[in-house]
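Topology and contacts: notes
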Amino acid sequence: MSKPEKGSLLIAEPSIIGDLSFNRAVILLADHNALGSVGFILNKPLEYHLKDIVDGTDSDFKVYNGGPVEQDNLYFIHKSPELIPNSIEISNGIYWGGDFKVVIDLINLNKITKNDIRFFLGYSGWAEEQLHHELESNAWLVSDNIYDNKIIAKSCQSFWREKMLELGGEYSIWSNAPENPSYN
């Protein structure tokens, strides 16, 4: 496993059971530095579509639970910096944020597809050294993002399971375990 850095993935250890936000989460780190870390959960879709929470669009783009922090705010990652001004590169052709009005216009004009952008309510955040302590306590595994910007279109429902199978060994067993052990 590698050290966390912008663009890497955090994969919840199977031991994170019962945590509504992070149980079986796969998180893209959007920023990681000495002051803390910010990321977005990639595999927790909500029951909302963009049209349900944003006026001015009838888009059925799915909205995801980005994490437990600021869940009343909408965030997005994308792979279209040439179209969206003020985007910040995370890594490997993945960008964070930008001019939201332009985003809505592009969606309404069908110039951005679901494979180009992903929306999140909230984010996952760690204070200075907090992520380091969680890694030491085996709450997370760190993985390189082998998907580059194609991760935006990556299927979400089975993503954690796929990562467990890729890790192999004892993790393979967890890939088929029920999300709630009491269902066993």
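Presented here is a report on the structure given in the accompanying data block. Note that the structure is predicted; figures quoted are calculated from it, not measured. (Residues numbered from 1 in each chain as written. Predicted model: local features only at pLDDT ≥ 70, side-chain atom pairs only at ≥ 80, totals over all residues. Heavy atoms only, no water.)

1. Some thoughts on helix α2 (residues 100-108)
Looking only at α2, the buried set comprises Val 103, Ile 104, Leu 106 and Ile 107. Each buried residue of α2 lies within a common arc of 160° when the element is viewed along its axis, so the set occupies one face. (Buried < 20%, exposed > 50% of the residue type's maximum accessible area, 1.4 Å probe, protein only. Helix = DSSP H or I, 4+ residues; strand = E, 2+ residues; numbered from the N terminus. Arc of directions from axis to C-beta.)

2. Points about the pairing of strand β5 (residues 62-65)
Put simply, side chains in a regular strand alternate between the two faces of the sheet. Bridge count for strand β4 (residues 45-49) against β5 is two bridges, and the pairing is antiparallel. Paired with His 49 across the two strands is Lys 62, which belongs to β5. With three bridges joining them, β5 and strand β9 (residues 117-127) adopt parallel strand pairing. Bridging across to β9, Asn 65 finds its partner in Leu 121. (Pairing = 2+ DSSP bridges.)

3. Details of the environment of Trp 126
As for its position among the elements, Trp 126 is in strand β9. Here Trp 126 falls in the buried class, since its relative accessible area comes to 6%. For the pair Trp 126 and Leu 35, spaced 91 residues apart in sequence, the C-alpha separation works out to 8.8 Å. Not counting residues within four places of it along the chain, the set of residues in contact with Trp 126 comprises Leu 10, Ile 27, Leu 29, Leu 35, Gly 36, Ser 37, Gly 39, Leu 131, Glu 134 and Trp 140. A polar side-chain atom of Trp 126 sits 3.0 Å from a polar atom in the side chain of Glu 134. (Contact = heavy atoms within 4.5 Å. Polar contact = N/O pair within 3.5 Å; in protein donor to acceptor, adjacent residues only side chain to side chain.)

4. Topic: the side chain of Ser 91
Structurally, Ser 91 is set in strand β7 (residues 88-91). Beyond its immediate sequence surroundings of up to four residues, Ser 91 is in contact with Lys 6 and Gly 7.

5. Overview of the packing of aromatic side chains
Under the criterion given, the structure shown has 12 aromatic pairs. When the centroid spacing of 6.2 Å and the interplanar angle of 50° are considered together, the rings of Tyr 64 and Phe 120 count as tilted. Of this pair, Tyr 64 sits in strand β5 while Phe 120 sits in strand β9, placing them 56 residues apart in sequence. Each member of the pair, Tyr 64 as well as Phe 120, carries the same accessibility label: buried. (Phe/Tyr/Trp six-rings, centres within 6.5 Å; stacked < 30°, edge-to-face > 60°.)

6. Some points on the nonpolar core
It is characteristic of soluble globular proteins that their nonpolar side chains tend to be buried jointly. Of all hydrophobic cores here, the largest spans 38 residues; its most connected members are Leu 9, Leu 10, Ile 27, Leu 42, Ile 77, Trp 140 and Ile 151. Elements with a contribution of two residues or more to this core: β1 (9-12), β2 (26-33), β3 (36-41), β6 (69-78), β9, α3 (130-136), β10 (140-143) and α4 (159-167). Examining the composition of this core, we find that five residues originate from one element, β2, more than from any other. If we ignore the near neighbours within four places in the chain, the residues touching Leu 10 are Ala 25, Val 26, Ile 27, Leu 29, Trp 126, Leu 131, Trp 140, Leu 141 and Val 142. Membership of the second largest hydrophobic core comes to 14 residues, among which are Leu 50, Val 103, Phe 119 and Leu 121. (Core = buried A, V, L, I, M, F, W, Y, C linked by side-chain atoms within 4.5 Å.)

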